[in-house]
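# Residue-level structural notes
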Amino acid sequence: MRTFHTHSKACGVAYEGHAGSIGRMHPSCAITSVPLGLQDLPPDPHTRRFNNLSTSDIVTNSIKEGLIYVRRQISGLSDSEVMIRELLSTQSENILSNGMSPTFKRKFFFQSLSSITEGKYKSFPLFGFGCESPMRLHMRISNVRFTEILSPVPLLNQASFRSLCLTLGLDEDVERSVTEKSVSEILNLMLETKSKEDRLKDFFHKLETERKQAQFFPDKKSHAFPGFFKTLKERFFTSILTRSRPKVPV
């Protein structure tokens, strides 16, 4: 999968990371000049060149990176649900856990949720407000093009979850109804992200099946060009050898 590059500013929060098209190694407006003295360096024999990678390999790696990204989002949502359910249990018991003061307890939950929502993968945020620049996976399977859009999960744009975090940050008690709605919001986002993971897994399995079929049943069209040039060569020499030479007068 391509390296993420983007320099976007969404909802007053700047994200400096990488986002763009698959395979792009530099931002579209960046100057990628080669330093003097490095143009004629011999290639490193231990370095794997881009030309040695087939299109199928590149797409497979992109899907694998996409799956890692989506699964980290699911893991973050699961951790957030656990934390909020723990907060909900302390609200229902109406007691202080392990003798913690209310201020310390609010600070603990606030910092725990903040560390989750600030998670990134290769400088690309896992969670956001829903208006961040997405990344796209371009695939071609069975001669059909597919484009899968991967975006940060809009967890910070959920009304109840955002209200819960703001209230904890202000060192105030969160209403139980807000906490319960936050759990429902996270579960809904988790279902959407899980369906995205299933789509990527389906693409991956289709691509692997296509690669295995290509190994057992190679395309005969790939041998058409050598036969064509061989026939053309034979016709050329035949036309020269059979051509009658004019008689030279003595």
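Everything numeric in this text was worked out from a predicted model, so none of it was measured.

### Details of the packing of helix α3 (residues 159–169) against helix α4 (residues 176–216)
Packing of α3 against α4 leaves a shortest axis separation of 7 Å and a crossing angle of 130°. With respect to their mutual orientation, α3 and α4 come out oblique. Judged by the sense of rotation from one axis to the other, the crossing of α3 with α4 is left-handed. The segment α3 lies against α4, with A159, S160, F161, S163 and L164 engaging V178, T179, K181, S182, E185 and I186. Classifying every residue of the contact of α3 with α4 by side-chain character gives 5 nonpolar, 4 polar and 2 charged.

### Digging into the nonpolar core
Membership of the largest hydrophobic core comes to 40 residues, with the highest contact counts inside it found for I63, Y69, L77, L113, F161 and L164. Among the secondary structure elements, those contributing two or more residues to this core are α1 (55–93), α2 (102–117), β5 (135–141), α3 and α4. Per element, the largest residue contribution to this core is 10 residues, and it comes from α1. Setting aside anything within four residues of it in sequence, one finds I63 in contact with L137, M139, L200, F203, F204 and L207.

### A closer look at the environment of E148
Tracing the backbone through its elements, the reader meets E148 in strand β6 (residues 144–150). Apart from the residues lying within four places of it in its own chain, the contact partners of E148 are M135, R136, L137, M139, K196, R199, L200 and F203. Looking at E148, its side chain comes within polar contact range of the side chain of R199, at 2.9 Å.

### Some details on the side chain of T167
Mapped onto the secondary structure, T167 falls in helix α3. Judged by relative accessible area, which is 16%, T167 ranks as buried. Setting aside chain neighbours within four positions, we find T167 in contact with E172, D173 and V174.

### Some points on the packing of aromatic side chains
All chains considered together, the criterion is met by 4 aromatic pairs. Between the aromatic rings of Y69 and Y121, the centroid separation amounts to 6.5 Å while the plane-to-plane angle is 45°, which identifies the pairing as tilted. Highlighted residues: Y69 in helix α1 and Y121 in strand β3 (residues 120–121), separated in sequence by 52 residues. Pair check on accessibility: Y69 and Y121 agree, each one buried. The interplanar angle of 50° and the centroid separation of 5.0 Å between the aromatic rings of F146 and F203 together place this pair among those described as tilted. With F146 in strand β6 and F203 in helix α4, the pair connects residues that are 57 residues apart, well separated along the chain.

### Observations regarding the pattern of salt bridges
All chains considered together, the criterion is met by 12 salt bridges. Of the charged contacts, one joins R176 and E180 as a salt bridge, the two residues approaching to 3.1 Å between their closest N and O atoms. Here the residue R176 and the residue E180 both occupy positions in helix α4, the gap between them amounting to 4 residues, near one helical turn. Judged by relative accessible area, R176 falls into the partly exposed class, the value being 41%. D202 serves as the salt-bridge partner of K206, at 3.4 Å between the closest nitrogen and oxygen.

### A closer look at unusual backbone geometry
Of note in this structure, K122 is not a glycine but carries a positive phi near 55°. Position of K122 among the secondary structure elements: in the loop between β3 and β4 (124–125). Note on K122: relative accessible area 46%, which makes it partly exposed. Look at S123: it is not a glycine, yet its phi comes out positive at around 65°. Take S123: it is sitting in the loop between β3 and β4.

About the criteria used
- Residues numbered from 1 in each chain as written.
- Predicted model: local features only at pLDDT ≥ 70, side-chain atom pairs only at ≥ 80, totals over all residues.
- Heavy atoms only, no water.
- Axes fitted to C-alpha atoms, helices over the stretch in contact; angles between N-to-C directions.
- Helix = DSSP H or I, 4+ residues; strand = E, 2+ residues; numbered from the N terminus.
- Parallel < 35°, antiparallel > 145°, perpendicular 65-115°, else oblique.
- Left-handed = near helix turned anticlockwise from the far one by under 90°.
- Contact = heavy atoms within 4.5 Å.
- Nonpolar A, V, L, I, M, F, W, Y, C, P; charged D, E, K, R; others polar.
- Core = buried A, V, L, I, M, F, W, Y, C linked by side-chain atoms within 4.5 Å.
- Buried < 20%, exposed > 50% of the residue type's maximum accessible area, 1.4 Å probe, protein only.
- Polar contact = N/O pair within 3.5 Å; in protein donor to acceptor, adjacent residues only side chain to side chain.
- Phe/Tyr/Trp six-rings, centres within 6.5 Å; stacked < 30°, edge-to-face > 60°.
- Salt bridge = Lys/Arg side-chain N within 4 Å of Asp/Glu carboxyl O.

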